[in-house]
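# Geometric and topological summary
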Amino acid sequence: MLHVFGHKNPDSDSICTALVTADWLNGQGRPAQAFALGSPIAETRFILETAGVEAPPVLTGSVADKPVFLVDFSELEQGPEGLADADVQGLIDHHRIGTLITRGPLDAWIRAVGCSATVLLELMGYDKLSRAQARLLLGAIVSDTFNFTSPTTTEQDRVAVDRLLPIAELALAPFAQTLLERRTQLGDAPLSELLIADEKAYQIAGHSLMVSQICVMNPAEILARQDELQQAMQERLARDKLDAYVLMLTDLAKGDSQLHFASAGILPGEPVHLAGAVSRKKEGLPWLARHFA
């Protein structure tokens, strides 16, 4: 059986697209089961509830020697235990090609679009999509593109949403508004938990980095807890033996971000403002790559 999953600390794309990918594979006579590498965040729970679909089980243990199909990542550091020794048979993604090395050839579809769901739709088409599947993929695209405000958004993403809406039987505006509200509701959760909710591991210029992103409508909610933030980042730096921990704090209302750092002197001591930046992939990571270069 193929184990289908996205990255650790899964976002909506990793969970929703993995669920529909497993359906697609089963429809081809390739037994598959979707898994998640963590519990769904509030935004993803809203999408699952809207689709009437249960969250996939959380994957535990090693995947060494198991047949797997990856969605939304190809960074070895973002995968489960044993991924380097797994039988990777497929990949659907919209990020850079990462550190994963496979033991044999695989089917891989990687496109420069805003969401892995858009890539999957190129393969599946729309004719046989159920309402539940359409809602899952719609939620993934709206989430990953910040409802088309991210620079990662492409015309293919917009076309996909236009075609999904009648199948999903939803109006875009209220669905997207509720989704983004769920995404930015932080409550009183400790910052150590908020950092983990959307963080990804990277190797950049020989350095081991963890890059988290927190999206808010009012950054003052986080900045008022600056001491707690720095303590949480420093604790992760020491505990995980990282070279640096980076938070991309994104103001969705203004459409810009601040990078906050914890490192042993390899990154600035003060936050860096990124005007007009909301994408970790398109803007946060390139800034880091340029800094180390």
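Everything numeric here is computed off the predicted structure, so don't read it as measured data. (Residues numbered from 1 in each chain as written. Predicted model: local features only at pLDDT ≥ 70, side-chain atom pairs only at ≥ 80, totals over all residues. Heavy atoms only, no water.)

Before going further, it helps to examine the packing of helix 1 (residues 12–27) against helix 2 (residues 42–51). Contact pair helix 1 / helix 2: the axes reach a minimum separation of 9 Å and the direction vectors enclose 30°. In terms of orientation, helix 1 and helix 2 fall into the roughly parallel class. The two elements helix 1 and helix 2 meet at a crossing, and its hand is right-handed. Judged by residue contacts, S12, I15, C16 and L19 of helix 1 engage E43, T44, I47 and L48 from helix 2. Grouping the constituent residues of the contact of helix 1 with helix 2 by class yields five nonpolar, two polar and one charged. (Axes fitted to C-alpha atoms, helices over the stretch in contact; angles between N-to-C directions. Helix = DSSP H or I, 4+ residues; strand = E, 2+ residues; numbered from the N terminus. Parallel < 35°, antiparallel > 145°, perpendicular 65-115°, else oblique. Left-handed = near helix turned anticlockwise from the far one by under 90°. Contact = heavy atoms within 4.5 Å. Nonpolar A, V, L, I, M, F, W, Y, C, P; charged D, E, K, R; others polar.)

Spatially, five strands are ordered 6-7-8-9-10 in an open sheet, and the strand pairing comes out mixed. Only two strands of the sheet have a single neighbouring strand rather than two, namely strand 6 (199–204) and strand 10 (272–274). Averaged over neighbouring strand pairs, the angle between their axes works out to 25° when direction is ignored. In this sheet, strand 10 lies alongside strand 9 (residues 256–263) in antiparallel orientation, the contact comprising three bridges. Among the inter-strand pairings, Q258 is bridged to a residue of strand 10, identified as H273. The sheet strands contacting helix 9 (residues 226–239) are strand 6, strand 7 (207–216), strand 8 (244–251) and strand 9, and the helix crosses strand 9 at an angle near 50°. (Pairing = 2+ DSSP bridges.)

What follows concerns the packing of helix 4 (residues 131–144) against helix 6 (residues 172–184). Relative to each other, helix 4 and helix 6 sit at 65°, their axes nearing to 10 Å. Classified by chirality, the crossing of helix 6 by helix 4 is right-handed. Here R135, L138, G139, V142 and S143 of helix 4 lie close against helix 6, whose contacting residues are L172, F175, A176, L179 and R183. Taken together, the residues that form the contact of helix 4 with helix 6 break down as six nonpolar, two polar and two charged.

Approximately 460 Å³ is the volume found for the largest pocket. Along the wall of the largest pocket there are 20 residues; nearest its centre are I41, R183, L186, L194 and A197. Secondary-structure elements contributing two or more residues to the lining of the largest pocket are helix 2, helix 6, helix 7 (191–197) and strand 7. Class assignment of the residues belonging to the lining of the largest pocket gives a composition of nine nonpolar, five polar and six charged. (1 Å grid on protein atoms, 1.4 Å probe; cavity = no way out; pocket = protein on both sides within 12 Å on 5 of 7 lines; lining within 4 Å. Points joined across faces, edges and corners; volume = space filled by probe spheres on them.)

With that out of the way, let us pick up the pairing of strand 3 (residues 67–71). Most of strand 3 sits out of view: four of its five residues are buried. Inspection of the sheet shows strand 3 paired to strand 4 (residues 87–93) by five bridges, in the parallel sense. Along strand 4, the bridge assignment pairs V71 with I92. (Buried < 20%, exposed > 50% of the residue type's maximum accessible area, 1.4 Å probe, protein only.)

Mapped onto the elements of the fold, H95 is located in the loop between strand 4 and strand 5 (107–110). Within the structure, H95 has its side chain in polar contact with the backbone oxygen of D72 (distance 3.4 Å). Separated by 2.8 Å, the side chains of H95 and D93 make a polar contact. Not counting the four nearest positions on each side in its chain, H95 is found in contact with D72, I110, K200 and K281. (Polar contact = N/O pair within 3.5 Å; in protein donor to acceptor, adjacent residues only side chain to side chain.)

The next point concerns empty space enclosed by the protein. Tallied over the entire structure, the rule returns one cavity of 30 Å³ or more. Elements with a contribution of two residues or more to the lining of the largest cavity: helix 4, strand 6 and helix 10 (280–292).

Right, let's talk about the UniProt feature "domain: DHHA2" (unreviewed entry) in the protein chain for a bit. The UniProt record annotates "domain: DHHA2" (unreviewed entry) at residues 176–292. As annotated, residues 176–292 comprises 40% helix and 30% strand, and the C-alpha atoms at either end are separated by 36 Å. (UniProt positions renumbered as here; feature names shortened; annotations may be inferred.)

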